[in-house]
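Each chain is listed here by its residues.
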Amino acid sequence: MAVTMIEERKVVPYSGNMAAAEALRQINPDVVAAYPITPQTEMMHFFADFVANGLVDTEFITVESEHSALSAVVGAAAAGARAMTATAGPGLALMWEILGVASGMRLPAVIALVNRALSSPINIHGDHSDMMGARDQGWIILVSENAEEEYDNLIQAVKIAEDERVRLPVMVGMDGFIISHSIEGVSLLKDEEVREFVGKQRMFHPLLDVEHPTTHGAIAMSDSYMEFKRQQREAMMNAYKVIREVGEEFAALRGKKYEHIEAYKTEDAEYILIVMGSAAGTAKYVVDRMRERGEKVGIIKIRTFRPFPYYDLADAIVASNAKAIGVMDRAETFGGYSGPLFEEVCTALYTRNKFYPIAGLIYGLGGRDCNINHIEEAFDVVKKKAAGEEVPPVTYLNLQV
Amino acid sequence: MAQVSDKPKFVTKGEIKVPPIRDLTDSREGIAPGHRLCTGCVAGIILRQMFMAAEAAGYTLVIANATGCVEVCTSIYPHTSWKVPWIHNAFENAAATISGVEAAYKALKRKGMLPSDKKVKFVALGGDGGTYDIGFQSLSGALERGHDFIYVCYDNEAYMNTGIQRSSATPRHAATTTQPAGKVIPGKPQPKKWMPEIAAAHGIPYVAQAAPSHFNDFMRKFIKALNTKGPSYLNVFCTCPRGWRAKEEEGILISRLAVETNYWPLFEVEDGKWKINYKPKERKPIEEFLKKQGRFKHMFKPGNEYLIKELQEDVDKRWERLLKLEQL
Ligand SMILES: Cc1ncc(C[n+]2csc(CCOP(=O)(O)OP(=O)(O)O)c2C)c(N)n1
């Protein structure tokens, strides 16, 4: 049955922003708050059109800042509504204080994030420094490889966030411009399919139940604060399971299963790159090309960045023939050994008592091109590392000197 | 327990009369006893008057509270003082938070997920810091967007929760912990920002300034705001015995003196029309208000007469302006 549905599916030429807006239209949230920032802006243009033409019955709040956008989303979600917003780079940075409020209050909100570099210097293009800055604020973080994945991830995000075992907000990232503004073939689900999949929002002690008044966002002293935080950790651990379940359920619609990671040709691979976001698509292409030349290479794409899939990742690496690994980071951790993803990979392996030579590779900052040559270069560094050659903690790819 | 009254004691249309206070004293209050506000804190009295007015008009309030004394003193887990729906988000976003709550209310009512026969009103509550300063932008945004809510600023003229630092609502020459009265600088150099006129400049339907000493006037204004569709802004005088170095039992007396000296004029702006609600027959000199409070003590030292004169000038200037605005 799933097969016939997939055959009927409409494939449209959409940008990432169009696909995300389309997901929002089909989800039809109760409240959406919006503030413009490149490269997210046009996503909300599309959505505003849906509102203006009555294609959704969402309350659309055109706030005066991102800080207020997320603040309004917190109010709406606490009230019992399904609430969403979208932003990018500095917009996410301005939301930072409220990110922790939303997760601390255990509100199932969703941010459609178009990844953008942070100032200074000002740069409107895509990298992951915004998302990494928000890393420890208790949000589930999903990362998309292309427009269709952004669309699929957003639909799943609603269900993950609202799951009784989770009740945590989710942000879904896609690389600014590279995905948000490039037109690709996107296979859309039908409206009814999406509506049925996300279902009706179940409210937990909503603020607007005036007959049973509740207090939200109380102050907790040191006698109870830690217990709240520990429960958040537990919710994150539950999310690890729930994301997988939702991904499996989604497979019935999509004919493609979403997992925490995607291991691409790693079984017999000797050299593996770990990568996140749009570069994963390029990397898969490079793997195919190099394999034609007989090279044993593979990649692992990270889809769930929070909760980080330590077990899945370690399993995939251990199951391969890896001699060395390269971790590609589209963000800096100034003063750290390498990038933020690098640290996670080390943790995943160390806690499994496994040692592999690992090369740190930083690429694509501020939208710097990362093409097939750069991925091949990255594999060269990994090979050097495998051969025991001296490799610095960080190799910058496509750096002009 | 929800705070809504089955039988509103008073239904308003046009001009508003507040029922006799003794009829309201048995109101089901929105805030429980046992909160941790300081002895003599007038914010508690303001809340009480708000809830009495809401009950008289038959409304349930849903409150978004900015960070500050009221929030901190009423919500220490695992307790809560609030008998009505209440949310605290952060310091600077009470107005944005209530925007989201009000939008959710509209959406959920439209989708049949909430009963539509209830008189529910949304209130954002903040101190002067959360209103005049850090929350200014989100307040302005919410007023401009026209959400159906009331913003109540309990103005105690400084950041009290963090220990009496100056805010843009602190009057000229008052001593605060960040602008103390020293040998070189005698307190805060700048005059108080005039928030109500800024709120009114948004062209919202209702703006008023009130004082808890004049409770009939305040409750009438609150009921008017409840019955207003769209945003209302209320600026309410709020003495703070700790921060003002005043006697705990003199809060309401100081409030009365603030009104009698024209320091805190009572007025309202309805659809752009300004009206002064109370004109003292004989304005008392500002000293009568000042001498009750330690924060102005240095102004009475010999050689500092000019400080009192300057503050009096601020007060007179504002009053003159009010009289002119009333003529418009
Ligand atoms: C972003 C941010 N900055 C600063 C603070 C610290 N802070 C908490 S309450 C407060 C002062 C509140 O003053 P006001 O709004 O006048 O209310 P009051 O305490 O006088 O009732 C400050 C500065 C904070 N909580 N959040």
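Residues numbered from 1 in each chain as written. Chains lettered and ligands numbered in written order. Predicted model: local features only at pLDDT ≥ 70, side-chain atom pairs only at ≥ 80, totals over all residues. Heavy atoms only, no water.

(A) View of the packing of aromatic side chains. Residue and element names in this part refer to chain B. Counted according to the given criterion, the structure contains 24 aromatic pairs over all chains. Judged by centre distance (6.0 Å) and plane angle (40 degrees), the rings of Trp194 and Trp274 are tilted. Placement of the pair is Trp194 in the loop between strand E4 (149-155) and helix H7 (195-200) and Trp274 in strand E8 (residues 273-276), with a sequence separation of 80 residues. Accessibility classification places Trp194 together with Trp274 in one group, the buried group. Members of the aromatic cluster, joined through ring pairs, are Phe237, Trp244, Tyr263, Trp264, Phe289 and Phe296. The cationic tip of Lys193 hangs over the ring face of Phe136; the distance from NZ or CZ to the ring centre is 4.4 Å. (Phe/Tyr/Trp six-rings, centres within 6.5 Å; stacked < 30°, edge-to-face > 60°. Helix = DSSP H or I, 4+ residues; strand = E, 2+ residues; numbered from the N terminus. Buried < 20%, exposed > 50% of the residue type's maximum accessible area, 1.4 Å probe, protein only. Lys NZ or Arg CZ within 6 Å of the ring centre and 35° of its normal.)

(B) Looking closely at the pattern of salt bridges. Taken as a whole and assessed by the stated rule, the structure comprises 54 salt bridges over all chains. Here Lys284(A) makes a salt bridge to Glu145(A), at a shortest N to O gap of 2.7 Å. Of this pair, Lys284(A) sits in helix H10 (residues 279-292) while Glu145(A) sits in the loop between strand E6 (140-143) and helix H7 (147-162), placing them 139 residues apart in sequence. Between Lys118(B) and Glu211(A) there is a salt bridge; the shortest N-O distance is 2.9 Å. Of this pair, Lys118(B) sits in the loop between helix H4 (94-110) and strand E3 (120-127) while Glu211(A) sits in the loop between helix H8 (191-198) and strand E9 (215-216), each in a different chain. We classify Lys118(B) as partly exposed; its relative accessible area is 24%. A cluster of three or more residues bridged by salt bridges with shared partners is formed by Glu145(A), Glu149(A), Lys256(A), Glu262(A), Lys284(A) and Lys301(A). (Salt bridge = Lys/Arg side-chain N within 4 Å of Asp/Glu carboxyl O.)

(C) Highlighting the interface of chain B and chain A. Between chain B and chain A, the residue contacts involve 44 residues of the former and 44 residues of the latter. In total, chain B and chain A occlude about 3400 Å² of area from one another, counting both sides; carbon and sulfur atoms represent 64% of this. Inspection of the region where chain B meets chain A yields six salt bridges. A salt bridge links Lys111(B) to Asp30(A), with the shortest nitrogen-to-oxygen separation between them at 2.6 Å. Elements that contribute at least two residues to the side of chain B that touches chain A include exactly strand E1 (60-65), helix H3 (69-74), strand E2 (86-88), H4, E3 and helix H6 (136-145) of chain B. Looking at the side of chain B that touches chain A element by element, the count peaks at twelve residues for H4(B). When its residues are assigned to classes, the side of chain B that touches chain A shows 23 nonpolar, 13 polar and eight charged. (Contact = heavy atoms within 4.5 Å. Buried area = accessible area lost by both parts, 1.4 Å probe. Nonpolar A, V, L, I, M, F, W, Y, C, P; charged D, E, K, R; others polar.)

(D) View of the site of the ligand. The local shell around the ligand holds 18 residues, among which Cys69(B), Gly129(B), Gly130(B), Tyr154(B) and Asn161(B) are the closest. Each of chains A and B places residues next to the ligand. Within the backbone of Met160(B), an N or O atom sits 3.1 Å from an oxygen atom of the ligand. Here Asn161(B) contributes a backbone N or O atom positioned 2.9 Å from an oxygen atom of the ligand. Here the shell around the ligand takes three residues from helix H5 (residues 128-133) of chain B, the largest share from any one element. (Near = heavy atom within 4 Å. Polar contact = N/O pair within 3.5 Å; in protein donor to acceptor, adjacent residues only side chain to side chain.)

None of this, on its own, says anything about what the molecule does.
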